[in-house]
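# Coordinate analysis (summary)
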Amino acid sequence: MRKLIYLALIALCVIACSEPSKEELAALAAKGYYQHLIEGDYAHFVEGRLMADSLPDDYRAQLMESYKQFIAQQQVRKGIQEVRISRAFTDSTLQYTSVLLMLCYGDSTTEEVVVPMVEREGRWMMK
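I will try to describe carefully the structure that is included in this document. Nothing here was measured: the structure is a model prediction, and the numbers come from that model.

The rules behind each value
- Residues numbered from 1 in each chain as written.
- Predicted model: local features only at pLDDT ≥ 70, side-chain atom pairs only at ≥ 80, totals over all residues.
- Heavy atoms only, no water.
- Phe/Tyr/Trp six-rings, centres within 6.5 Å; stacked < 30°, edge-to-face > 60°.
- Helix = DSSP H or I, 4+ residues; strand = E, 2+ residues; numbered from the N terminus.
- Buried < 20%, exposed > 50% of the residue type's maximum accessible area, 1.4 Å probe, protein only.
- Expected span 1.5 Å × (residues − 1).
- Contact = heavy atoms within 4.5 Å.
- Pairing = 2+ DSSP bridges.
- Core = buried A, V, L, I, M, F, W, Y, C linked by side-chain atoms within 4.5 Å.
- Salt bridge = Lys/Arg side-chain N within 4 Å of Asp/Glu carboxyl O.
- Axes fitted to C-alpha atoms, helices over the stretch in contact; angles between N-to-C directions.

## Topic: the packing of aromatic side chains
Evaluation of the coordinates by the stated rule reveals two aromatic pairs. Judged by centre distance (5.2 Å) and plane angle (90 degrees), the ring pair of Y34 and F45 falls under edge-to-face. Of this pair, Y34 sits in helix α2 (residues 22-38) while F45 sits in helix α3 (residues 42-47), and the two are 11 residues apart along the sequence. In this structure F45 comes out as buried when scored by relative accessible area, which is 4%. An angle of 85 degrees between the planes, with centres 4.8 Å apart, marks the rings of F45 and Y67 as edge-to-face. Here F45 is found in helix α3, whereas its partner Y67 is found in helix α4 (residues 57-73), with 22 residues between them in sequence.

Below is the structure:
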């Protein structure tokens, strides 16, 4: 009997642990987009936005320039050195998942930002 209980617990753990939750997937995607941002890959960061494929070229260029300026402004705090996932939660009525990311600066300060994420055709995008 004890052996059967252990096998059932192991089976439950394998099932529960094998697939990441939608919150985990959204958080990993948001962190990835912000990693691209701090690495200077502004085009990839823009591509992570919902409806990015329908942005006019001039607006896309303006967005990338504003992200470049944002990163330059962060040098006051010695730049963003790391992005950490704080937590994520889904708002079922608004149909999106909020990801809280911790931006860790070179001067040892941190800032928490909220990134609303939506899933479209199997891909998590910033709202």
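More follows now that the structure is in view.
## Considering α4
In this model α4 runs 24 Å from its N-terminal to its C-terminal C-alpha over 17 residues, within 8% of the 24 Å that 1.5 Å per residue would give. On its buried face, α4 sits against α2, α3 and β1 (80-91).

## A closer look at the environment of K68
Looking at the element boundaries, K68 is found in helix α4. Between the C-alpha atoms of K68 and Y42, which are 26 residues apart in sequence, the distance is 7.2 Å.

## Regarding the pairing of strand β4 (residues 123-126)
Residues in a regular strand project their side chains so that they alternate between the two faces of the sheet. Summarising the sheet, strand β3 (residues 110-120) and β4 pair through four bridges and their orientation is antiparallel. Within the sheet, the bridge partner assigned to V118 lies in β4 and is M125. In sequence, β3 turns back onto β4 through a hairpin of two residues, with E121 there showing a positive phi of about 55 degrees.

## Topic: the nonpolar core
Counting residues in hydrophobic clusters, the biggest one holds 27 residues, and the most contacted among them are Y34, L101, V115 and M117. Within the residue set of this core, elements represented by two or more residues are α2, α3, α4, β1, β2 (96-105), β3 and β4. Here this core gets seven residues from one element, more than from any other, and that element is α2. Excluding residues that lie within four positions of it along the chain, V115 makes contacts with A30, Y34, T97, S98, V99, L101 and M126.

## Some words on the pattern of salt bridges
Within this structure, the stated rule accounts for three salt bridges. Between R60 and E47 there is a salt bridge, with the nearest N and O atoms lying 2.6 Å from each other. With a gap of 13 residues between them, R60 in helix α4 and E47 in helix α3 connect regions that are remote in the sequence. The class for E47 is partly exposed, based on a relative accessible area of 32%. With a closest N to O distance of 3.2 Å, E82 and R84 form a salt bridge.

## Quick look at the sheet that holds β4
In space, the four strands of this open sheet follow the order β1-β2-β3-β4, with antiparallel pairing throughout. Strand pairing shows two members of the sheet lacking a second neighbour, β1 and β4, which therefore form its edges. Taking the axes of each pair of neighbouring strands and ignoring which way they run, one obtains an average angle of 35 degrees across the sheet. On top of the sheet, α2 reaches β1, β2, β3 and β4; it is set at about 150 degrees to β1, its chief contact.

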